[in-house]
Amino acid sequence: LCVRSSRELWTILLGRSALRDTAQVEAELDRHSDRLLTGLSYYKPPSASSGDKLKSDKEVVVPLKELGLRISKFLNLDEQQSVQILQSYLQEDYRGTKDSIKAVLQDERQSQALQLKIAEYYYEERLYTLRCVLYLLTYFQDERHPYRAEYSKCVDKLEKELVTNYRKQFEELFRTEAPTWESHGNLMTERQVSRWFIQCLREQALILEIMFLYYAYFEMGPEDLLAFARIFKEQGFGARQTNRHLINESMDGLVDRIGYFSALILVEGMDIDFLHKCALEDSVDRHQFATTQEVCQEMDKLLLTLGDIPHHAPVLLSWALLRHTLCLDESSQVIRRLGSIAIQQNAFQYMTQMLKALGSGGNNCTASTARMCIYGLLSFVLTSFEEETLGDQQHLINLACEVFAAPNLAELFWDTEPTTGLAVLLDNNCGMFPQSMAPLLQLLSALISDKSTAKKVYSFLDKMSCYTELYKHKPNDVLSHEDETQWRRQTPKLLYPLGSGQANIRMPQGTYGTVMPTAQGYLVRWHYSYSGWTIFTCEIEMLLHVVSTADVLLHCQKVKPIIDLVHRIVSTDWSITDCLLPITSRLYMLIQRLSSVMNPPMEVIASCVNTLTVLATRMPAKVWADLQHTGFLPYSVTQITGIVQSISAEGMQAGSYGNLLLSIERPQGKYSVTTAFLRLVITLVKGQLGSTESRGLMPCVVFVLKELLPTYHKWRYNVYGMREEIGCLILELIYTILNLNLEEESQGSPLSLQAMCTHCLANTEAGQAIINIMAIGVDTIDTVMAAQPSSSGSEGSGQTLTQTIKLAFSITNNVIKLKPSSDVISPLEQALTQHGTHGNNLIAILAKYIYHRHDPALPRLAIQLLKRLAMVAPMSVYACLGSDAAAIRDAFLNRLQSKTEDMRIKVMILEFLTVAVETQPGLIELFLNLEVNDGAVGSKEFILGEWSCLQVVLEFIDSKQQGKYWCPPLIHRAAIAFLHALWQDRRDSAMTVLRTKDRFWENLTSVLFGELPAPADITEKSVLETCAFTLKIICLEIYYVVRGSLDQSLKNTLNLFFDKKRYEYWSEYIKSLVIYMTETDTDGASTFLEFHKLISAWRMFLVLATSYEDVMHLCDCPLRLQLLHDVLEATKILLTVPLSAPCLRMGSMLATLLLILLKQWKRVIVNISKILDPLDQILESLSQSNQYFMEKTKAKIYSAIIITIQIKHLRVSDFPQYSQMLLTVCETIHNEAIVLLDQTHHALTTDSALLDDKDSMETDCAPRLQHKDQKDGVCVLALHLAKELCEMDEGSDHLVSITRAVPFLPAMLSALELSLRVKQNLHFAEASLHLLLSLAKTEQGATAVGGAGVLPSICLPLLSVYQLSANGTTQTLGSSRKSLDAPSWPGVYRLTMSLMERLLKSLRYNFLTEALDFVGVHQERILQCLDAVRKVQSLACLDEVDHTVGFILQLSNFIKEWRFHLPQLLRDVQVNLCYLCQTCTFLLHSPKVLQHYLQVKNGDTIPPAIVPRQSKPAQTPKKTAGHRKR
């Protein structure tokens, strides 16, 4: 639409739209300044020319023209403007689909209903036009407002003609005849006439408010004042409307409002403030009315005819004051008459009532301006006239208190002379203290606005100089003056009849007092200095004494103003609290005693509780502890042990408060104590008490959840808006509990307030009450908002209701989030997701909050809750929406497309759709709105429908739109996240359509080609997430699409990514993020959430690049090497700083990437030491950390070092850190072996280990702790690394020297012995033996191994790892080379055989005894093995024979010793060796067999076991092997 609606303009001025820049706001004001200046005249009456133009306009379709003409007649509005209003309504407020409009226009009844809705929209538009002007006048001089300069420029433009135009419009409004069905059509029923008249009154009130604010800033001429006086007299200050016969009770508030502003405009026009200033300076002739005698005489005549209604009173009083000041003689009779009429009409009571009405809801600036205006009048009245002539003094005090609510007036008051203006009131009442206490305290309470004024009030009362008392008869202990005008005390007197030791005050002997005789007796003002605060303490003490007598209510009237004053002081300036301790400490006893009297003084109790609430903000624990002794709050008589018990309220008492609620408040319909109680509990909960106190608060919260929340809406209420206020406070309490930090709230105890509250809301009627609040719906809110009399529409019961619903949304969201996961669906979840009929279920109601326009947070929170439900609830949102689904989709998309819509709503809609992609297939299809292309031949082809959300998303990601006001980074991120969800969920139809769009890949990836600010300078972190999602989309596309089928556009983009050196840029940027993380001192994981997402996406991108190097243009070796080094550097930075949890998590993630890159790109590594140096530093850093969650990271680093060492054969001299690394590894082995030993022992004692054939890898049940024996565990990898390092050292000198410093060999052998005995920890056993084998290759190493006691650790336990078969064949694992190399217990046996061979070869006679012991223990296995080759020729069998023969070869060097010790075994071995030679010779002699074995060696096939004469038995070992492997 080319014409912006007034509501949109209002939203922009409020700063709730996407247009927030000052230049944009200024441009909008410039564009619409004419509309603001002309006001309601902008909307013109119908005219023939406009009708003709509309008929000739070809852009408007005929049905809309016809409806526009009907609307024009009904609203008496210009034809073209009618169509504009119609189009604007359809765009913003219509609740159907575009297609349904045609059907509505054809149906007469629906068409009429639509006209009425458009009329409501038109009325709102008129009001919004006026509200915009009012808003400008409110803030154009407010330095704190961000758009003050722009508003000021606009007001300067409007200034000259504004009031002239608006005054004319005001006159037209109250003179216009009411519409009839003859003039406006059949739709203008009585009800519609009444609605029109309410609108007319509203507009009058708003125009008068605008003019009042205008004249507060700009001077009114005398002629203008006279003109206004005539207009208001004619209109009867709102009461004599042309259509006054239409006024009913519901309109009284608006009529009064018109009267208030009429009176205020006239008073403001008299410029009493300036008159007062002139009078003080004795230059009244400077005032504009001093020189306009004719106008004054006209005004005299006019005003003398007034005086019959209260609205006239302030005008008459002001004019009397003005005439009195300007001309003392000629019009004294007129002045007296006007003044007496004003007093008779209760001018001061009227002004008090007026200020209260204006301050209760509406524009705060208007109320403050009115107070300033009345302050000037009251101040001058009190200066000019005697107080006694002005009527009841209490009315003056009430008005003064209302006036002082304006900002800065209290400070202004304390700076004025004590003998002028309102200071006279204070002085007079001070003279009556403490005989008449309440008026002074009321006045002083109103005079507290900030810390300085609070201190002044405290000091004022602390230094009182006179004490006034009333005596019915003259007492005996005083001496009096002859004329009885002065008394003198003969004896000291205690002023309060309290017991000894109580707070009291003593008037000393000889005190003089001035006597003033009155009708009641003698009023004596004693000249005596004392502290008023001591008096207050005594009064409260007195009340505690008389609490059970008939005087209690009388004393309560004295004490309530004291408590109200204390409340006001402590809530304004906390520093005075200690001085008030004598009073505040007595409040607990006061609450306790007053709660139990026959007719409890509810207002006093509420004041006490409110004061304690303020104290609880700073010292919650003390207030809570003292309150517990009063029995006021609900409490438990038994200890609360569980959530179910707490919710059942078993053993809980309601306390005094519960009794007051049921017996007093609910029958009376007044709830001052309830609101005070709720505020107190909220404050105590916010005070983050310890777990004991929180548990003590549980009965209070249970009482609220069970007794208040489910029933409060049914109670009786005397005060309008109280129901909404109580509902809002209850929900605020629940919201506070659900948002407590669990660490601070009872350290996550299962019996916490939060857990109890969550359980209660999920499973009891309290949850249903929350649902009922959410189900109020958008229509009810609109009705309440429309009924508010306030001008700005920003305060009142409608706002309280909106706030309550918003809290209900947040509470429900939190309950679903915090509720423990369970298979059983809770009543709350059931109620949330049950399907109703005709769109009446809660899901549909939530979705319809999208139509709410007053508060952008309400639809946003509703969508957030929908998002949460879509994630967790097993239901179809689409099905719940029923027939409204398409209309609601259109409303969502309208708000998403709007250029001025609040950004946060757009982001929330996109996030909701992102979740819906995965969880709500029906709903997402509705929003995708893909249509089949009819023109496509062959396969089905899709195109975007008119209402597809993809249209908007494509606009958001368009690189040309980035940076524009309506597409900020947050929206860009949300749009890319939505696309990522489509790719991740493989929505092929949507992806296919998107790929075909022009520049799709270019727009999507544009963010990757930009330059990001340095991490420290990033203000909008969402851009990092945008980059992360973009990288992930590219990865998903490359991974799932066949290489040849990638879009050419994407291929070009990837090529560009390489050409423009973006790999280098991003690698460097990731490194800078890592550096920033380590330098920023924070433990908050959320702080680095965006960093984590980007680094994770970069990791995915590089991992994919290792498999798709050609597609991703990463064939360049130097580039790959640079990327590898950058990843290594980043990993080092993260894992070598003082460890914080976010850094460690990120470091672990990068370590995984490093491992993958090292494996895949090892060919590009040139300088091994450049890789090993950082890895060594990381290992050193990690080895000093004992945190459990570091295990996996350590394992990754060990793997990386092993891979690096294996790339190229290194010598020790090539590796400067060799010794240090070896030492670190050996220490790790030592520690890990001890832990493994303990774990294995523990597993055996708890019978959790299985002692059968299965090894630790094959158990189904996971051990409680992470088991140390894992293939990729730290323990096993450390052993493998030690072996690699050992093999680098040809002399084994380094390792041997370390064995002396670190006793890792004994620990390792102890663990190995136990592992072999119980046949567990296979990986550890194998890795240990590999290390021992490497170590034993040199004589030094072999000596170290032998000296460590290797044989006792291995020899006998080794029997457990194999079984001897009954038929004489060895049981082996598989027969393939792969299975042979895999870890297995037979493999452990073979390794042990090799170790024995190597040790015997190195140590010779030094190890001979051990070797003979070993061969003796395992002789059966050795003989079986040598014999088995005749029957089985599997690789495993041959491998074991190979190892065995090698060992026998070494042992045969010591034949004499062997024959001496084991003669029989030697003979058996010799015989079996002969058979073995024969078999092998035969096998080698057979060409076919030889060919077969050569084939196997090349890895072509797995051979069947070959037997010389028969082939059948060959299958047996294979089956056995398979069985063993399983």
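Predicted model only: the values in this text are computed from it and were never measured.

(A) Quick look at a nonpolar patch on the surface. A cluster of nonpolar side chains, contributed by L1356, L1359 and V1417, occupies part of the molecular surface with about 240 Å² of accessible area. If you trace the backbone, L1356 turns up in the loop between α64 (1350–1354) and α65 (1377–1381). For L1356, a relative accessible area of 57% translates into the label exposed.

(B) Main features of helix α10 (residues 190–217). With 28 residues, α10 extends 41 Å from end C-alpha to end C-alpha; this agrees with the ideal 40 Å at 1.5 Å per step. Counting buried positions along α10 yields 22 of 28 residues, so the element is predominantly enclosed.

(C) Unusual backbone geometry, seen in detail. Residue P434 is reached from F433 by a cis peptide bond, and omega for that bond is 0°. Examined against the element boundaries, P434 turns out to sit in the loop between α21 (423–430) and α22 (438–446). A positive phi is found at K1061, a non-glycine position, where the angle reads about 55°. Looking at the element boundaries, K1061 is found in the loop between α51 (1048–1059) and α52 (1062–1079). Positive phi, close to 60°, is recorded for N1321, a residue that is not glycine.

(D) Quick look at helix α68 (residues 1419–1428). For α68, a buried count of eight out of 10 residues is recorded, marking the element as mostly surrounded by other parts of the structure. Residues R1421, I1422, L1423, Q1424, C1425, L1426, D1427 and A1428 constitute the buried set of α68.

(E) Focus on the packing of aromatic side chains. Across all of its chains, the model carries 59 aromatic pairs by this definition. Ring geometry for Y89 versus Y121: centroids 5.8 Å apart, planes at 70°, classification edge-to-face. In this pair, Y89 sits in helix α5 (residues 79–92) while Y121 sits in helix α7 (residues 108–139), placing the two residues 32 residues apart along the sequence. Y121 matches Y89 in its accessibility class, with the two residues each being buried. Ring centres 5.9 Å apart and planes at 75° place the aromatic pair Y135 and Y151 in the edge-to-face group.

(F) Representation of the sheet that holds strand β7 (residues 521–530) within the structure. An order of β1-β7-β6-β3-β2 is seen for the five strands of this open sheet, with the pairing classed as antiparallel. At either margin of the open sheet sits one strand with a lone partner, and together these are β1 (464–471) and β2 (478–480). Sheet twist, expressed as the average angle between the axes of neighbouring strands with direction ignored, equals 30°. In the sheet, β1 pairs with β7 via seven bridges, with the strands oriented antiparallel. What sits directly across from Y467, in β7, is W526.

(G) Representation of the confidence of the model for the protein within the structure. This prediction gives the protein a mean pLDDT of 85; 91% of its residues lie at or above 70. Taken element by element, the protein is modelled with least confidence in helix α73 (residues 1515–1525), mean pLDDT 34, and with most confidence in helix α28 (residues 602–618), mean pLDDT 95. Confidence drops under pLDDT 50 across residues 744–748; counting only partners more than four residues distant or on other chains, this segment forms 11 contacts. Predicted confidence for residues 1501–1526 stays below pLDDT 50, and this span has 34 contacts to residues more than four positions away or in other chains.

(H) View of the pattern of salt bridges. On inspection of all chains with the given rule, the structure shows 57 salt bridges. Its salt-bridge partner being D782, residue R95 comes within 3.5 Å of it at the nearest N-O pair. In this pair, R95 is assigned in the loop between α5 and α6 (98–106) and D782 in helix α37 (residues 777–787), connecting sequence segments 687 residues apart. Judged by relative accessible area, R95 falls into the partly exposed class, the value being 33%.

(I) The arrangement of the nonpolar core in detail. Counting 532 residues, the largest nonpolar core has F536, L709, I734 and L761 as its most contacted members. Ignoring sequence-local partners within four residues, the contact set of I734 consists of L705, L709, C757, L761, I770 and I811.

(J) Highlighting the pairing of strand β6 (residues 512–518). Here three bridges tie strand β3 (residues 486–489) to β6, and the two strands are oriented antiparallel to one another. Each residue of the ladder has a partner; that of R488, found in β6, is Y512. Here β6 pairs with β7 via six bridges, running antiparallel. Directly across from T518, in β7, lies its bridge partner G521. Between β6 and β7, which pair antiparallel one after the other, the connecting turn spans two residues.

Definitions and limits used
Residues numbered from 1 in each chain as written. Predicted model: local features only at pLDDT ≥ 70, side-chain atom pairs only at ≥ 80, totals over all residues. Heavy atoms only, no water. Patch = residues over 30% accessible without salt bridge, like charges linked within 9 Å, V, L, I, M, F, W, Y side chains within 5 Å. Areas by Shrake-Rupley, 256 points an atom, 1.4 Å probe, with all protein chains shown as cover. Salt bridge = Lys/Arg side-chain N within 4 Å of Asp/Glu carboxyl O. Helix = DSSP H or I, 4+ residues; strand = E, 2+ residues; numbered from the N terminus. Buried < 20%, exposed > 50% of the residue type's maximum accessible area, 1.4 Å probe, protein only. Expected span 1.5 Å × (residues − 1). Phe/Tyr/Trp six-rings, centres within 6.5 Å; stacked < 30°, edge-to-face > 60°. Pairing = 2+ DSSP bridges. Axes fitted to C-alpha atoms, helices over the stretch in contact; angles between N-to-C directions. pLDDT = per-residue confidence, 0-100. Contact = heavy atoms within 4.5 Å. Core = buried A, V, L, I, M, F, W, Y, C linked by side-chain atoms within 4.5 Å.

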